[in-house]
Amino acid sequence: MDKKYWRSLNELHSTPGFEEILHREFPVAASEYPEGVSRRRWMQLMGASVALAGVSGCRWEDEKISPSVSRPEGRIPGVPQKYATFMELGGLAESLLVTCYDGRPIKVEGNPDSPQNQGSSTVFAQSETLSLYDPDRAVGVVERKEGTRYARDWQAFLDYADTVLGQARQDGGAKLRVLADVSSSATRRNLQEKFAALYPQARWYDYTANSRDNIYAGSKLAFGEVVRPHFDLSKANIVVCLDEDLLSEHSAGMLHTREWAARRDPAAGEMNRMYAVESRFTTTGLAADHRLPSRSVDIGFYLARLEAQVQARLAGKTPEPAGDEYADKVLAAMAEDLVANQGAALIAIGANQPAELQARVHKLNEQLGNVGKTIRYSKEPLATDLAAAEALRKLTDEIQAGSVETLVILGGNPAYNAPGDIDLVSALSKVPHSIHLGEYEDETSLLCKWHLPKTHPFEQWGDARSYDGTLCVAQPLIEPLHDGKSEVELLAILCGDKHPVALDLVKEAVKGSLDSMTVNASWRRLVHDGVLKGSALEAVSPKVKSLPAAKLTEAAGEELELVFYISPQVYDGRFANSGWLQETPDNLTKITWDNAAIIAPATAKKLGVEFGSVVKLILDGKSIELPVYVLPGQAPNSISVALGYGRTAAGLVGGDVARDVKPVGENIAALQSKAAMNFAAGLKLEKTGKEYELAITQDHHSIDAVGAGEIHGRVGQLVREANLSEYKSHPDFAKHVTHHPPLESLWEELSYEGQAWGMSIDLTKCIGCNACSVACQAENNVPVVGREQVLKSREMHWLRVDRYFTGDDVDNPGVSIQPMLCQQCELAPCEQVCPVAATVHTDEGLNDMVYNRCVGTRYCANNCPYKVRRFNYFNFNKVYEDPNRKLQALVLNPEVTVRHRGVMEKCTYCVQRIKAVQIDAKNDQRPIKDGEIVTACQQACSAKAIEFGDLKNEKSLVAQAHASPRSYAVLSELNIKPRTAYLARILNPHPSLAKPDSEGHGHGEAHAEADHPKTAEKH
Amino acid sequence: MATTIEQPVKTKAEPELLGLLAEFDDPNALIEASKKVRDAGYQKWDTHTPFPLHGIDEAMGIKWTILPWIVAACGLTGGTIAIGMQYWMNAVNYPFLISGKPLFSIPACIPITFELSVLLSAFGAFFGMLVLNQLPKLYNPLFKSEAFRRATNDRFFISMDARDAKFSEIDSGEFLNSLNPVNVEEFWSDVESPKLPRNLKLALSLVGVILLMPPALVAYKRSTTTNSPRIHIVPDMDFQPKLKTQNTTNLFSDGREIRPNIKGTIPRGQFKDDNIPLYFGLKYLPEDQDVVGIALQDEKKADEKQPAAAEKPADPVLDAAAIEASKLDKLPWVTEFPMPVTEKMMARGKERYRIYCSACHGLGGEGDGLVSLRAMDLQQGTWVKPASYHTENVRKLPVGRLYHTITNGVRKMPAYGAQVPPEDRWAIVLYLRALQKSHEINADTIPEAEKRKLRDTK
Amino acid sequence: MASVTAEPIDTTIEVPGKRTPLVTGAHDYGTVTDAVCRLAECKTPTAWYVALGISASLMGMLFGLIGYLIITGVGVWGNRSPVFWGWPIVNFVFWVGIGHAGTLISAILFLFRQDWRTGINRAAEAMTIFAVICAGVFPGIHIGRVWLAYWLFPIPNQMAMWPNFRSPLLWDVFAVSTYATVSLLFWYMGMIPDLATLRDRATGKIQQFAYGLFSLGWNGSSRHWHRYERAYLLLAALAAPLVLSVHTIVSFDFAVSQLPGWHTTIFPPYFVAGAVFSGFAMVLTLMIPARKICGIEDLLTDRHLENMTKVIIATGTMVGYAYAMEFFIAWYGGNRYETFAFINRAFGPYAWAYWIMVSCNVISPQLFWIKKIRTTPWMIFVVCVFVNIGMWFERFVITVTSLSRDFLPSSWGYFRPTIIDVLMLIGSFGLFMTLFLLFCKFLPMVAMAEVKSVMPRPGGQSDHH
């Protein structure tokens, strides 16, 4: 099989041989698994790498070179080119800059020209290259008749479409329906109109599992029209988030993070202050100065109290003194700050909260005069008259009523995401002509008569608008690998255009927004830039209508609630087959390869469940079994579960029951209902007595009392934090947290000539969003090891994000986040213990790992105090050798060695990027500019928390960061002289809530002063 | 024992008497006897005991062994080797930076130095002992004596060597008997020298052959050449699943890892509309974009077809060529260089011209490059002689058109757009213009000095 | 031959002024030889075959597993982050430790003229060799790319690169290989005269040839004996410091690192004491049954056993002191990481291992203060088995517990062995026992020549003062 060409699969896939492969694929892999255990995910594909059998027998294989016959102008073999494009999630575009190597996309980065992300990118974007080359993607047109699967080709479908649509045209498409994933593409809208003109009776439904309908409804309620709020955190001194993850899950998260972080540098102007009231622990809650855990159902209650207090203060009344309850204090502080900072504050409420609350928040913002300053409104292009769930129900009903002949499903996977009370699954099978366009043959495809392969975002022309409305254009970076067609192409086909040219369609659609004089030139400019500058949505200034007076509801007792949320790893499940994302540990729970019922410690105690015990969640009759994860800081009586898991037809990674691969996690959508898409009270919970081991990358086992105590004592030294007030009084507090004798070596230390590479990470800005971790994985060919190996704590991430809970209150702890990667110690402990000198120092101070010299004694890892070295216990890259998975190998970065088993590996400061720049600089004989070398993690960081550069050059940003009073090195007392400095985290609590300064770190001031000279670290 | 003496002789080779063997059953008796033998002044004699007998050394007057000195010497050698090795290997031959530590430091050397000294001393002691004792000595005439077998068990022997000056068969025999041993016997040399058993010989020689094989193979391999690639048992990281540039792969039907550009896509840094003259050699882009990419096809073919054309006026080839030519002529070529013309640019142009163009067009641009000349020699029918720059119609071409020709090629000339960046193309055009100028100048107009200079600078 | 009749005496009592005989029963030189050579010459007891069968199959399993390991990867073990060194290294240190008694008994006791060593030194040395072989197996297969193990030696290779002589692991390579070689020489050299004895008594052609070959034509010449004794003394003098150095250097593997719980200066003495401790325990565990089966109680008397138990009390107490001292220093040093490392040992998730170690290594040997136990073979046997277990756990505690919780709590983990780990440990015992059984059968278990030299001469006085 491996002799077959991938591009020629479309010819191949109709042969019985191919069918046979599809089914043989898994068993072959299974038999290779070292412990002979079947139904493992990546391990099964990895298998035993027989050390004694080379790729081509026992001899060196001779590499052939095959250059392109006519090399396109401007392309030099092996020199990467960057193309602007975008990816669209929930109808909002994230503009990207994709690095192509010889015309193959290998790395995704944010588009620096995009006003939204300015070069940073999300984990989803980072993982797009992996999904592009996913061997499990649908390879061709497929027809299903009475349960049997026939491989067809596009011609066959066109013929079919003619007949079906021919009939549809008769009755104006009265029985024709389209169910589409939401999109902001102008091209699609054009075609949609064309379609409507062609089939006037046909109906078009938009559906997404991550709907923002509440926001639409809220603004409609408040303003009488649907508008989109835009937040400007750079102007906001006070940010209040009500069940809203403004920094990461919000569609403009990266913009928000950047602006928020810009206001978190205590040395540069006034710091902002952020409050979060939320049920589950979000990234925002983790970054907030004050966090109030509250059930989602109680948000209304707290909002009402906040309103009351704010009104009172606005009315000039002296507010009644806050009660002793923490909640009271926080609300009081919030109200005080909001009123004190009118016009420089903002309140944001989550899309999961009902319309009334949305409206009242609009009102409150208006009253506080924030509108037009920190908040501006614009038209909402995505607004639909029908809520997503509503649309889905309506369609289902129509089908049940037999009024649907033909159903075209454009993208999405409704059969999987549909809430439990909408029985789309059984309905679909009733549709005589159902057509699904999707990248994978997923749950929906299995129920449809026809499956059409959809092109990957990197294979197609397209256009869309980002959250602020900026027009983005996608250009294809590679010919479709799987004979796919894009959404617009299929639509064009449905509109009768047999051979649509996507390029022209898109160009036609965006023409309107281009300079009419030089259309071609400005189109080329648009394609080149990826974004159209100044095409953001123009602001509107709606006025809030009088709202029904807020009735002060009481917090609804002890009742359990269930909160559904879109997974930060696999989104609505569409990324379920991405090993990178599945293995990305959730930034708080650290869970990989699973979703769990996240419960507060208090609640867990009350219910008598603990970490790992499997419970049955029962919500109006329907039930689902999930393992428990006890998360400090989770709101009491609130249980949150991530959507997007339990895919049954995702692929060999995400689960594929047909091929006997267990799903990852459980699909909680079954408990969703049209009424309760986001959260629902009245949850019942039953113990099953079963146990399930969750694969988590931190606290691999429940920490005993001894350990817990020690951690509590250590965290203050590892992640150094202080309140703003303390920082002001004592800026270099971080340098005196640990005490140790003067650091002197027994020998003369060598000094470094030339550049001295170094890094700095600002813990005040870092929100632990994992973007850096996945970016590193993509850049450095970091392998995925699978759930079973994560359980054995053998995950390979070069850059991990450590999470520590601080404070004494387990129900509302602080969280300290610390990205941990190789610190490139100048006196590296790992080097001296390696018997074969496989890890040595360069004259630029890099701690090099020489893979082909490493014999794998693992001594270096033992001696690494940061435990950032990773070992290849098996051949974790075996997957690329499997003929059926070979396509996956295209994702590998040619600049980075793929490590074999038995070899140690670790962060290299992206040495390949350093070298690339050095070579360029050398060629044009110029010094390297500061900021010219950008590591993958630094590139991805939306908070700009990471700086990298030459420490020798005082003007470089990283040198300045190292010079900052806040800078400190973790475990510097070991005299290993790390090249990576951390900037201590500064919190800006409200005075009334601030803890006494001395708790900021280990000990009191006097003490620090006392041994100040002695403890001063060399820097 | 008498029997042994009167033993009838079968072979001509006389078995010769090697010495006498006296057996005792009491160590003390042996010691006493030894004293007597020593005093009797015998030199070549020895005693044999099952265990080291205390006091026998004095009794026999054995001299102190030099073994300790050998051991000491070995120990010193070991230590020196160790230090030398560590210094040379880590500090001289292949130094590397380790934890910022000095390349060589004594403390780190101590363990290995100690170990090697001990190792070599131990060898010294063991092998030294063997050598001094002349062991291994598997064959020993004494072993023929039945009685002597107990020498390693519970009996004690005095062996007297016949080669001893004082030795005489009779007297020595009596003398030994006088020491009241259990008995005295003689031991004789073999009639013919002892033979190893045949199959043992075979076995040994077989082992020898097998041992010789590997070095022989190595020697053979080192001295011969082969076409098959080296043997490589463990692939390790030498075969990478990643695709390096210009690799082959079976994933794509063209077998190439390189993917073609997709029409209409524009990578970063290749937005050309902001400087059309530079990138296209045109004043502005015509609406019909494709024209820009035209490379003139072979007009020669068209010429050959001329007569035919007369009969069939509409000759597609001719038309195509003609049409394209006319299209190109219509384009708004720039006549001025789109960038400042400098000395540096001229130098660059000369250099590039010599690298890329001179091979065909010749250093002077007459179209007499080496490649061209050779092609002419071989009378390659398909070869089109490169145009000389010094013809009228080339002279009058605008610079933009020249630039375009370099970029997209013309007739047999391939496109150089991919290989030569735009700035260099312009530099070449500049040098080309200079060449043309140089041909128009009348030599007499040049001042002598200049001429001389030109002659010197070839 | 006139047999010397002797009334049974309790050799475990030292009567002042009177030398207690080291050989009991009615023995003269001849009968000693007979006693020792019996096993080699007479019909083999079935027990031996059974034992060999079992241990050989275990050994087979070990090699099978090694093959599987090499094909699959070291992931088949329980090793993980942060416990990058698991059972294999524990086993290595354990076996190296065992491998100390032999050379120590021979060398140091020889230098101190402790005549009672003659009964046990041969077997002890043999045990050393075999233990070191077992030890050698593990670091070899422990590395990720076994096929490149030779890079650990300063051999010219295609990289034209040399090993890093600053690494304790490299010191270890030299130390252990030197130790193995020297012990082997020492053992073999001691055996030459006895091999000669076997040669001269051998009846079968093959035995004659084999023994003849390995006895190098030894003929008991006094001139040879003279140099031989010199050489033996020198080897002993070399081996003694070597024994101490080896485990010292093994302890450097840990002590030179900076890991809390490893990074302590007490390790060298503590490891050596531990090694002697475990070594003697293992000798006893082997010899008590062996002397019964081979019927050499008269040469390997209760007194030998008792003397060894005394050594065990001494070393056991030293080890106990070391444990206590570690805690003291951890507290006294005031380094929070060190302090925690030891608190964690005693009260953390691995407390169970720690307390097994303490009870087996510190408490159980104290039973030897009671003479009854000192002089009852089976009781000694039981205690020694416990000591062996305890010493294995000591290495487990040092290696695994310290690694499982180091500096950054984020990387803390809990090590669980896989079935492969367990089977390999068992397999290594199989390898050890197989070699030892073969030794008992084919080689002189007791140094006959030396025993004879310490026997009373017919005249009365004995050699060796």
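Note that the structure is predicted; figures quoted are calculated from it, not measured.

Here we take up the overall build of chain A. Helix and strand counts for chain A stand at 33 helices and 42 strands. A compact globule built from 1019 residues would reach a C-alpha radius of gyration of about 31 Å, and chain A, at 28 Å, matches this within 12%. The burial tally for chain A puts 66% of its 1019 residues in the buried class. A sequence separation of at least 24 residues applies to 75% of the contacts in chain A between residues at least 6 apart. Positive and negative side-chain charges in chain A, numbering 111 and 133 respectively, have mean positions lying 2 Å apart.

Glancing now at the interface of chain A and chain B. Contact with chain A, which involves 88 residues of that partner, is made by 60 residues of chain B. Here chain A and chain B share an interface that buries about 6,700 Å² over both sides, 57% of which is from carbon and sulfur atoms. When residues of chain A are sorted by the area they lose upon contact with chain B, A:Trp60, A:Glu73 and A:His528 head the list and together hold 13% of the total. Counting across the chain A and chain B interface gives six salt bridges. Ionic pairing is found between A:Arg104 and B:Glu257, a salt bridge with its closest N-O pair at 2.8 Å. Those elements that provide at least two residues to the side of chain A that touches chain B are β1 (81-89), β2 (92-101), α20 (519-529), α27 (829-833) and β35 (839-841) of chain A. Top contributing element to the side of chain A that touches chain B by residue count: α20(A), with seven residues.

The next subject is the environment of A:Phe157. Take A:Phe157: it is sitting in helix α6 (residues 154-170). The residues touching A:Phe157, leaving out its near neighbours within four places in the chain, are A:Val141, A:Ile435, A:Trp450, A:Leu452 and A:Leu490.

Moving on to the sheet that holds strand β3 (residues 156-161) of chain B. Residues and elements named next belong to chain B. Strand order in the open sheet made by the four strands is β2-β3-β1-β4, with antiparallel pairing throughout. Only two strands of the sheet have a single partner each, and these edge strands are β2 (45-48) and β4 (183-188). Taking the axes of each pair of neighbouring strands and ignoring which way they run, one obtains an average angle of 20 degrees across the sheet. As paired elements, strand β1 (residues 17-24) and β3 share six bridges and run antiparallel to each other. Across the sheet, Leu21 pairs through a bridge with Ser159, a residue of β3. Here helix α2 (residues 27-39) sits on the sheet in contact with β1, β2 and β3, set at roughly 20 degrees to β3.

For interface size, the figure often reported is the accessible area lost on association. Taken together, the contact pairs 72 residues of chain B with 69 residues of chain C. Of the roughly 6,200 Å² buried where chain B meets chain C, counting both sides, 67% is carbon and sulfur surface. For the interface between chain B and chain C, the tally reads two salt bridges. Of the charged contacts, one joins B:Asp46 and C:Arg223 as a salt bridge, the two residues approaching to 3.9 Å between their closest N and O atoms. Linking chain B to chain C there are 26 residue pairs in polar contact (both at pLDDT 80 or more). Broken down by secondary-structure element, the contributors of at least two residues to the side of chain B that touches chain C are α2, β2, α3 (56-60), α4 (67-93) and α5 (106-132) of chain B. Here the element with the most residues in the side of chain B that touches chain C is α5(B); it accounts for 16 residues. Class assignment of the residues belonging to the side of chain B that touches chain C gives a composition of 46 nonpolar, 15 polar and eleven charged.

To describe a pair of aromatic rings, you give the distance between the ring centres and the angle between the ring planes. Within this structure, the stated rule accounts for 82 aromatic pairs over all chains. Ring geometry for A:Phe611 versus A:Tyr629: centroids 5.6 Å apart, planes at 80 degrees, classification edge-to-face. In this pair, A:Phe611 sits in the loop between α22 (601-607) and β23 (613-619) while A:Tyr629 sits in strand β24 (residues 622-630), placing the two residues 18 residues apart along the sequence. Looking at A:Tyr629, the relative accessible area reads 6%, which means it is buried. Each residue in the set A:Tyr859, C:Trp85, C:Phe254, C:Trp262, C:Phe267, C:Tyr270, C:Phe271 and C:Tyr323 is aromatic and connected to the rest through ring pairs, giving one cluster. Positioned above the aromatic ring of B:Phe252 is the side chain of B:Arg259, whose terminal nitrogen or guanidinium carbon lies 3.9 Å from the ring centre. In this structure, C:Arg113 is placed above the aromatic ring of C:Phe110, and the distance from its NZ or CZ to the ring centre is 5.7 Å.

All names here are of chain A. Reading across from one edge, β5-β4-β16-β15-β14-β6-β7 is the order of the seven strands in this open sheet, with mixed pairing throughout. If you trace the sheet from one side to the other, it starts and ends with β5 (148-151) and β7 (203-207), each paired once. Each strand of the sheet is rotated relative to its neighbour by a mean of 20 degrees, with strand direction disregarded. Sheet strands touched by helix α14 (residues 388-400): β6 (176-181), β7 and β14 (406-410). Its angle to β7, the strand with the most contacts, is close to 135 degrees.

This part covers the pairing of β7(A). For a regular strand, side chains alternate in direction, first toward one face of the sheet and then toward the other. Residue and element names in this part refer to chain A. Of all five residues in β7, four are buried, a share of seventy percent or more. Here β6 pairs with β7 via five bridges, running parallel. Each residue of the ladder has a partner; that of Ala180, found in β7, is Asp206. For the handedness criterion, the β-α-β arrangement of β6, helix α7 (residues 186-198) and β7 is classed as right-handed.

Residue and element names in this part refer to chain C. Taking 1.5 Å as the rise per residue, helix α14 (residues 377-404) with 28 residues should run 40 Å; its terminal C-alpha atoms sit 40 Å apart, in good agreement. The largest bend in α14 comes to about 30 degrees, at Val397. In terms of burial, α14 is largely enclosed, as 20 of its 28 residues are buried.

Before going further, it helps to examine a nonpolar patch on the surface. On the surface, B:Leu138, C:Phe209, C:Leu213 and C:Phe214 cluster together into a nonpolar patch covering about 370 Å² of accessible area. By secondary structure assignment, the location of C:Phe209 is in helix α7 (residues 205-214). Owing to a relative accessible area of 40%, C:Phe209 belongs among the partly exposed residues under this scheme.

Before going further, it helps to examine the environment of B:Lys244. Turning to its location among the elements, B:Lys244 is positioned in the loop between α7 (198-223) and α8 (276-280). Sequence separation between B:Lys244 and B:Glu115 is 129 residues; the distance between their C-alpha atoms is 47 Å. Those residues in contact with B:Lys244, other than ones at most four positions away along the chain, are A:Glu63, A:Tyr101, A:Pro894 and B:Glu257.

Turning next to the packing of helix α12 (residues 343-361) of chain B against helix α16 (residues 422-440) of chain B. Residues and elements named next belong to chain B. Running from N to C, α12 and α16 cross one another at 90 degrees; their axes reach a closest spacing of 7 Å. Regarding the angle of α12 to α16, the classification is roughly perpendicular. Every residue of α16 that contacts α12 at Met345, Met346, Arg348, Gly349, Lys350, Arg352, Tyr353, Arg354 and Cys357 is listed here: Asp424, Trp426, Ala427, Ile428, Leu430, Tyr431, Ala434 and Leu435. A per-class count over the contact of α12 with α16 returns eleven nonpolar, one polar and five charged.

The description of two packed helices rests on the angle between their axes and on the distance between the axes. Residue and element names in this part refer to chain C. Two numbers describe how helix α10 (residues 302-333) lies on α14: the axes approach to 12 Å, and their chain directions differ by 30 degrees. Viewed along their axes, α10 and α14 adopt a mutual orientation that is roughly parallel. Regarding α10 and α14, the two cross each other, and that crossing is left-handed. Between α10 and α14, the residues in contact are Leu305, Thr309, Ile312, Val319 and Tyr323 and Pro377, Ile380, Cys384 and Glu394, respectively.

A separate point is the pattern of salt bridges. All names here are of chain A. In the structure shown here, the tally under the stated rule is 84 salt bridges over all chains. Glu441 is paired through a salt bridge with Arg144; the nearest N and O atoms lie 2.8 Å apart. One end of the pair, Glu441, is in the loop between β15 (433-438) and α17 (443-447); the other, Arg144, is in strand β4 (residues 142-145), with 297 residues separating them in the sequence. What makes Glu441 buried here is its relative accessible area of 18%. In this structure Arg144 comes out as buried when scored by relative accessible area, which is 12%.

This part is about the confidence of the model for chain A. Residues and elements named next belong to chain A. Averaged over chain A, the pLDDT score is 86; the fraction of residues at 70 or greater is 91%. In this model, residues 1-56 is a region of pLDDT below 50 whose contacts with residues beyond four sequence positions or in other chains number 145 contacts. Here residues 999-1019 scores under 50 on pLDDT; set against residues more than four positions off or in separate chains, the count is 39 contacts.

What counts as what
- Residues numbered from 1 in each chain as written.
- Chains lettered and ligands numbered in written order.
- Predicted model: local features only at pLDDT ≥ 70, side-chain atom pairs only at ≥ 80, totals over all residues.
- Heavy atoms only, no water.
- Helix = DSSP H or I, 4+ residues; strand = E, 2+ residues; numbered from the N terminus.
- Rg over C-alpha atoms; globule rule 2.2 N^0.38 Å.
- Buried < 20%, exposed > 50% of the residue type's maximum accessible area, 1.4 Å probe, protein only.
- Contact = heavy atoms within 4.5 Å.
- Lys, Arg positive; Asp, Glu negative; His and termini not counted.
- Charge placed at Lys NZ, Arg CZ, Asp CG, Glu CD.
- Buried area = accessible area lost by both parts, 1.4 Å probe.
- Salt bridge = Lys/Arg side-chain N within 4 Å of Asp/Glu carboxyl O.
- Pairing = 2+ DSSP bridges.
- Axes fitted to C-alpha atoms, helices over the stretch in contact; angles between N-to-C directions.
- Polar contact = N/O pair within 3.5 Å; in protein donor to acceptor, adjacent residues only side chain to side chain.
- Nonpolar A, V, L, I, M, F, W, Y, C, P; charged D, E, K, R; others polar.
- Phe/Tyr/Trp six-rings, centres within 6.5 Å; stacked < 30°, edge-to-face > 60°.
- Lys NZ or Arg CZ within 6 Å of the ring centre and 35° of its normal.
- Right-handed = clockwise from strand over helix to strand, strands pointing away.
- Expected span 1.5 Å × (residues − 1).
- Bend = angle between axes of the 7 residues up to and from the residue.
- Patch = residues over 30% accessible without salt bridge, like charges linked within 9 Å, V, L, I, M, F, W, Y side chains within 5 Å.
- Areas by Shrake-Rupley, 256 points an atom, 1.4 Å probe, with all protein chains shown as cover.
- Parallel < 35°, antiparallel > 145°, perpendicular 65-115°, else oblique.
- Left-handed = near helix turned anticlockwise from the far one by under 90°.
- pLDDT = per-residue confidence, 0-100.

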